[in-house]
Amino acid sequence: MIHPRSSFSSLRNECLSALRSLQSSLTKLDLPPVTSKTKISKFCFQKASLIFCTISSSYRLHNVRMEPLKVVVIDEAAQVKESELVIALQIRNLRHAILVGDECQLPGTIKSKLSEKAGFGRSLFERLSSLGHSKHLLNMQYRMHPSISQFPNANFYKKQILDAPNVLSKSYERCYLEGGMFGTYSFINILGGKEEVDDVGHSRRNMVEVAVTLKILQKLFQGWNGSEEKPSIGVISPYAAQVAAIDDELLKQKCGNRHKFTIKVKSVDGFQGGEEDIIIISTARSNESGVIGFLSDPRRVNVALTRARHCLWILGNERTLSKANSVWKALIRDAKHRHCFYTVNDDGDIDKHVITVKKELEQLDDLLNRASVRFKHARWKVTFSDHFRKSFEKLKPSHIKKLVVNVLLKLANGWRPKNIDVDLRCQSSSYVVKQSKVEGYYLLCSIDIVKDSMWTQYLKVWDILWEIPKIWSSSDAVVRYKNLNHDTKCSMNSAIGSSSYAANSGVCESLLSMKFYSLSCAKHLFSDHEGREVELPSEVDLALGQQLF
């Protein structure tokens, strides 16, 4: 056993020996006996043969007494504005400048529209390229899996870029999640998302895409929890509001154990020059008109598409992006051609999560459009009448809308209420009407069979009806019904200050014999002397509340 004192003495001797060696080496450098920061800085500049600095800080080299620098190498030269580059090019005695950059990616940032129009945002690299000066193409890429590099290479670089041996190797391929949707390259169509302007009004966000992004990150963490390999993940969006929303949700939900992964959430501009194992792109735009703003800039798209090493997953709304006359239309067409195009409902967990999130956001109306994928794999083809859409829009309590959507999804997948007679056959029709009760509301559907190229069974959703009580407390302000001559009948009290009337149009005789009333009926239920719509009397509200809830 080694004695502790002997061990300490041996360690001390090793440290002293290292210090003496360092002192001897420094003596040979003939360093001046200076202690001030200014003098040390001056000495370093005078002796340096290689200096690294930013364009703006290179001004310090203009007045320093030093050996002349003969060559300056400008990295990311296509992103440096011409006016800024002049700072570095004015270094004394400079003989040669090498510009390294890519004019197919983002240029320098310039906020003034007037300056941009005048050309002040242009780089010297871009100017020389436009004037026809020769340039040497570095045509080998070492970052992206070939599935990722294929589209950018074809659309931005005229297929001149070659994949290096390391990315062509089978060992370079990674599988982080099961399923084709999470292969090396995929476009995931996010249906049902709504873009919205942020609180400041300058940027856009799409909370459904935020939710899908978070769900994918959760799946990644669950799939790789405990694994020694720690893939780096980047989430990119063109919009600052979307970046902020994703960051906020990451903090709220504590997506997995963040130390397991390196997760970077940045804008496209913030990711230029960066790279990660997995990149998730959230495009955020989702609108009927196909407006995508500066997202259509091919250079911005190029930057976003070329950041991933092993996996690139693009989230976006196919309909919006395809309408825009931009590179996104070609990208979606390419993804379909390569069988890399998926819809969000292709993954059951994510699809359920989207519906849950849309309920929380109270974005339920668009679940009922005729092209909704929510009913794509249902046992029935589902169609909605205009009456039903109007009824659904009139449902103010959000929890009732959620219940209606749940019942629709269940009905479309074959569920029917048990132990309840829901079939109501009309005498003048062969239709069988299904009546399903939802929180006191009655969802009316009919079954139909249509022959196109083949026989198809449809579940047609017609309307939402609510039940009117036959009896409620009397009131001097309420008249039971009125006839076409506006003569008041069946008054509840002889002294009537009749401010409201019960319209008998579209109602069976009177409210006394009425059981259901359509929410989408063109005529409203109560009106004043001039026929204008009025709210239900408080007595009716109370009776409805007791009966429905």
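Check the entry above for the structure.
Residues numbered from 1 in each chain as written. Predicted model: local features only at pLDDT ≥ 70, side-chain atom pairs only at ≥ 80, totals over all residues. Heavy atoms only, no water.

(A) The environment of Ile233, seen in detail. Here Ile233 shows up in strand β8 (residues 232-237). Judged by its relative accessible area of 0%, Ile233 falls in the buried class. Distance from Ile233 to Glu276, taken between C-alpha atoms, is 5.7 Å for residues 43 residues apart in sequence. (Helix = DSSP H or I, 4+ residues; strand = E, 2+ residues; numbered from the N terminus. Buried < 20%, exposed > 50% of the residue type's maximum accessible area, 1.4 Å probe, protein only.)

(B) Molecular detail of the nonpolar core. Counting residues in hydrophobic clusters, the biggest one holds 35 residues, and the most contacted among them are Phe187, Leu305, Leu312, Ile314, Trp328 and Leu331. Elements supplying a minimum of two residues to this core: α6 (146-156), β5 (185-189), α10 (268-271), β10 (276-282), α11 (298-305), β11 (308-316) and α13 (327-337). If you tally residues by element for this core, the top one is α13, at six residues. Ignoring sequence-local partners within four residues, the contact set of Leu305 consists of Met144, Ile148, Phe151, Pro152, Phe156, Ile281, Leu312, Ile314 and Leu331. If you look at the next biggest cluster of nonpolar residues, it comprises 32 residues, including Ile188, Val210, Leu250 and Ile278. (Core = buried A, V, L, I, M, F, W, Y, C linked by side-chain atoms within 4.5 Å. Contact = heavy atoms within 4.5 Å.)

(C) Spatial organisation of the pattern of salt bridges. Within the structure shown, the criterion is met by 20 salt bridges. In this structure, the salt-bridge partner of Arg143 is Glu275, at a minimum N-O distance of 2.8 Å. Of this pair, Arg143 sits in the loop between β3 (140-141) and α6 while Glu275 is found in the loop between α10 and β10, placing the two residues 132 residues apart along the sequence. The partner of Glu275 in a salt bridge is Arg309, and the shortest N-O contact between them spans 3.0 Å. Taken together, the residues span a long stretch of sequence, with Glu275 in the loop between α10 and β10 and Arg309 in strand β11 at a distance of 34 residues. Of the residues examined, Arg309 reaches a relative accessible area of 21% and is grouped as partly exposed. Here the salt bridges do not stand alone but share partners, grouping Arg143, Glu275, Asp277 and Arg309 into one network. (Salt bridge = Lys/Arg side-chain N within 4 Å of Asp/Glu carboxyl O.)

(D) Spatial organisation of the pairing of strand β1 (residues 71-74). Burial of β1 is one-sided: the residues Val72 and Ile74 facing one way are buried, the residues Val71 and Val73 facing the other way are not. Across four bridges, β1 lies against strand β2 (residues 96-99) in parallel orientation. Considered in β2, the bridge of Val71 is made with His96. In the classification by handedness, the crossover that spans β1, the intervening helix α3 (residues 82-89) and the parallel β2 is right-handed. (Pairing = 2+ DSSP bridges. Right-handed = clockwise from strand over helix to strand, strands pointing away.)

(E) Here's a closer look at unusual backbone geometry. One non-glycine residue, Lys159, lies in positive phi territory at about 60 degrees. Mapped onto the elements of the fold, Lys159 is located in the loop between α6 and β4 (162-163). Even without a glycine there, the phi angle at Ala284 is positive, about 75 degrees.

(F) Fine view of the packing of aromatic side chains. The full count for this structure, using the stated rule, is six aromatic pairs. Both rings, one in Phe151 and one in Phe156, keep their centres 6.4 Å apart while their planes meet at 90 degrees; by these two values the pair is edge-to-face. Seen from their ring centres, Phe182 and Trp313 are 5.2 Å apart, and the 75 degrees between their planes marks the pair as edge-to-face. Placement of Phe182 in the loop between α7 (165-168) and β5 and of Trp313 in strand β11 is noted, with a sequence separation of 131 residues between them. There is no split in this pair, since Phe182 and Trp313 are both buried. Chaining the aromatic ring pairs together yields one cluster made of Phe384, Phe388 and Phe392. Across the ring face of Phe271, the terminal group of Lys266 is positioned such that the distance to the ring centre comes to 5.8 Å. The aromatic ring of Phe341 is capped on one face by Lys336, whose charged end is 5.0 Å from the ring centroid. (Phe/Tyr/Trp six-rings, centres within 6.5 Å; stacked < 30°, edge-to-face > 60°. Lys NZ or Arg CZ within 6 Å of the ring centre and 35° of its normal.)

(G) The arrangement of empty space enclosed by the protein in detail. The full count for this structure, using the stated rule, is two cavities of 30 Å³ or more. Its volume calculated, the largest cavity comes out at about 70 Å³. Leu61, Val64, Met66, Glu67, Pro68, Leu69, Ile91, Arg92 and Asn93 are the residues that line the largest cavity. A per-class count over the lining of the largest cavity returns six nonpolar, one polar and two charged. Of the volumes computed, that of the second largest cavity is approximately 40 Å³. Every residue along the wall of the second largest cavity is listed here: Pro238, Val268, Ile281, Leu295, Arg300, Val301, Ala304 and Trp328. Among the elements that take part in the lining of the second largest cavity, α11 stands out by supplying three residues, more than any other. Within the lining of the second largest cavity, the residues separate by chemical class into seven nonpolar, no polar and one charged. (1 Å grid on protein atoms, 1.4 Å probe; cavity = no way out; pocket = protein on both sides within 12 Å on 5 of 7 lines; lining within 4 Å. Points joined across faces, edges and corners; volume = space filled by probe spheres on them. Nonpolar A, V, L, I, M, F, W, Y, C, P; charged D, E, K, R; others polar.)

(H) View of the layout of surface pockets. If you add up the space inside the largest pocket, you get close to 1,100 Å³. Along its surface, the largest pocket is lined by 31 residues, and Gly101, Asp102, Leu137, Leu138 and Tyr157 are the ones closest to its centre. Those elements that place two or more of their residues in the lining of the largest pocket are β3 and α6. Among the elements that take part in the lining of the largest pocket, α6 stands out by supplying four residues, more than any other.

(I) Just helix α15 (residues 386-394), in detail. Within the span of α15, buried status applies to Phe388, Arg389, Ser391 and Phe392. Projected down its long axis, α15 carries its buried residues within an arc of 160 degrees, all on one side. In α15, the exposed residues that point more than 90 degrees away from the buried face are Asp386 and Glu393. Capping the start of α15 is the job of one residue whose side-chain oxygen sits 3.0 Å from the backbone nitrogen of Phe388: Ser385. (Arc of directions from axis to C-beta. Polar contact = N/O pair within 3.5 Å; in protein donor to acceptor, adjacent residues only side chain to side chain.)

(J) Up close: the pairing of β10. Burial runs high along β10: seven of the seven residues are buried. Of the pairings in the sheet, the one linking β8 to β10 comprises four bridges and is parallel in character. Pairing of Gly234 across the sheet is with Ile279, part of β10. Pairing of β10 with β11 involves six bridges; the strand directions are parallel. Note on β11: the bridge partner recorded for Ile278 is Cys311. This β-α-β element, β10 to α11 to β11, shows right-handed connectivity.

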